[in-house]
Amino acid sequence: MRQLQTRHILLFRILRDRCSFLTRRQIERVLTLSRISTTKTLLWLLSEQYLNRRYRADSFAHFQTPVYYLGKRGWHVVGKPVSEYSGYRLQIEQRSERTFRHTLSLYDVILKFALESDVKRIILGEEGLWQESIEFGIIPDAWIQYSGGEAFIEIDLGTEHVPVLKKKFDTYIAFKESGRYERLFPGCTFKVLVFTTTEERIEALEQVADTDDIWFCTLEEFVKEKLTHEHWFALLGFYALSVTRKKEM
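A. Representation of the packing of aromatic side chains. Across all of its chains, the model carries 25 aromatic pairs by this definition. For the pair F21 and Y107, a centre-to-centre distance of 5.4 Å together with 65° between the ring planes defines the contact as edge-to-face. Of this pair, F21 sits in the loop between α1 (6-17) and α2 (24-31) while Y107 sits in helix α6 (residues 100-116), and the two are 86 residues apart along the sequence. Its relative accessible area of 3% is what places Y107 among the buried residues. An aromatic cluster is present here, built from F113, Y146, F195, W215, F222, W232 and Y239 joined pairwise through their rings. For the cation-ring pair, K191 lies above W215, with the distance from its terminal atom to the ring centre recorded as 4.8 Å.

B. Main features of the side chain of E154. Note that E154 resides in strand β5 (residues 149-155). E154 gets classed as buried once you look at its relative accessible area, which sits at 5%. When residues no more than four places from it in sequence are discounted, the contact partners of E154 are I139, P140, D141, K168, Y172, V192, L193, V194 and F195.

C. Representation of the confidence of the model for the chain in the model. Of all residues in the chain, 93% attain a pLDDT of 70 or more, and the chain-wide mean is 91. Mean pLDDT per element in the chain: helix α7 (residues 129-132) is the minimum at 70, and strand β6 (residues 192-196) is the maximum at 98.

D. Looking closely at the environment of I139. Checked against the element boundaries, I139 lands in the loop between α7 and β4 (142-146). With a relative accessible area of 44%, I139 lands in the partly exposed category. Separated by twelve residues in sequence, I139 and E127 place their C-alpha atoms 9.6 Å apart.

E. Structural detail: the nonpolar core. Of all hydrophobic cores here, the largest spans 54 residues; its most connected members are L11, L22, L51, F113, F195 and L241. Sorting elements by how many residues they give to this core places α6 first, with eight residues. Ignoring any residue separated from it by four or fewer positions in sequence, one finds L11 in contact with L22, I27, V30, L31, L45 and L51. In this structure, I138, F185, A209 and I214 belong to the second largest nonpolar core, which totals 22 residues.

F. Looking closely at the pattern of salt bridges. Enumeration according to the criterion identifies twelve salt bridges in this entry. The salt bridge partner of R16 is D17, with a shortest N-O separation of 2.7 Å. Note on D17: relative accessible area 43%, which makes it partly exposed. Residues D213 and K176 are paired through a salt bridge, measuring 2.7 Å at the closest nitrogen-oxygen approach. Placement of D213 in the loop between α10 (199-206) and β7 (214-218) and of K176 in helix α8 (residues 162-177) is noted, with a sequence separation of 37 residues between them. Connected through shared salt-bridge partners, R25, R29 and D108 make up one network.

G. View of the pairing of β6. Counting buried positions over the five residues of β6 gives five, a clear majority of the element. Side chains of β6 alternate between two faces, with V192, V194 and T196 and L193 and F195 buried alike. When β5 meets β6, the two strands line up parallel, connected through four bridges. Across the sheet, residue F152 finds its bridge partner in β6, namely V192.

H. Spatial organisation of the packing of α8 against α10. It is the contact of α8 with α10, at a shortest axis distance of 10 Å, that shows an interaxial angle of 55°. With respect to their mutual orientation, α8 and α10 come out oblique. Seen from above, α8 lies across α10 with right-handed handedness. Contact residues: V162, L165 and F169 in α8; R201, A204 and L205 in α10. For the contact of α8 with α10, the per-class residue count stands at five nonpolar, no polar and one charged.

Each value, and the rule that gives it
Residues numbered from 1 in each chain as written. Predicted model: local features only at pLDDT ≥ 70, side-chain atom pairs only at ≥ 80, totals over all residues. Heavy atoms only, no water. Phe/Tyr/Trp six-rings, centres within 6.5 Å; stacked < 30°, edge-to-face > 60°. Helix = DSSP H or I, 4+ residues; strand = E, 2+ residues; numbered from the N terminus. Buried < 20%, exposed > 50% of the residue type's maximum accessible area, 1.4 Å probe, protein only. Lys NZ or Arg CZ within 6 Å of the ring centre and 35° of its normal. Contact = heavy atoms within 4.5 Å. pLDDT = per-residue confidence, 0-100. Core = buried A, V, L, I, M, F, W, Y, C linked by side-chain atoms within 4.5 Å. Salt bridge = Lys/Arg side-chain N within 4 Å of Asp/Glu carboxyl O. Pairing = 2+ DSSP bridges. Axes fitted to C-alpha atoms, helices over the stretch in contact; angles between N-to-C directions. Parallel < 35°, antiparallel > 145°, perpendicular 65-115°, else oblique. Left-handed = near helix turned anticlockwise from the far one by under 90°. Nonpolar A, V, L, I, M, F, W, Y, C, P; charged D, E, K, R; others polar.

Next up, the structure:
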């Protein structure tokens, strides 16, 4: 009889704590299995109700592709109340199609940090802190505290005009210089990590970022290379993230 392994529990915890849903490709990264083995594992987890899935329209491939989230048994395994499962499932099933691409790109970033560093805290943009506790002016995609520092995360899919992003960058810097960031996150480093589409896009954004606190990288490069790879463009040069070695599970 097939039994749950440590890698399965890790996946369930990521779905509970970090990412509401993931694609097969992202789950492959978590399980560290081949594509074929990942597909077989997903079929088993679905059949045993450890996972569930919904389909989303893939505008690039022109057909529907699945995303996976916790099933009833997986929900129970990670200690969540059974009474709350229906609401959790409904929230995912009713999620707007137009939000998936951006959210899955953000999850690519969160997964990278979660798998290659010790993540202490993640505050997503949808959480109430940004609306209720801060006169910030913008809502970041996320703020992350990991074994190496802290940073805001911004996902740029190339759909916003550069002047709009310049205003957003200016707001970040004003937030730091006003002292509000230090008051909210005492002793934390300030950095904005911008994940975008192409190096040409980076060049355009660098021209409106008048600070060395905003770093740019393509999302594709970030996912492909190690977390500590020196591929960050900034005002004064190229940088790499400083990350303490992740503890073995």
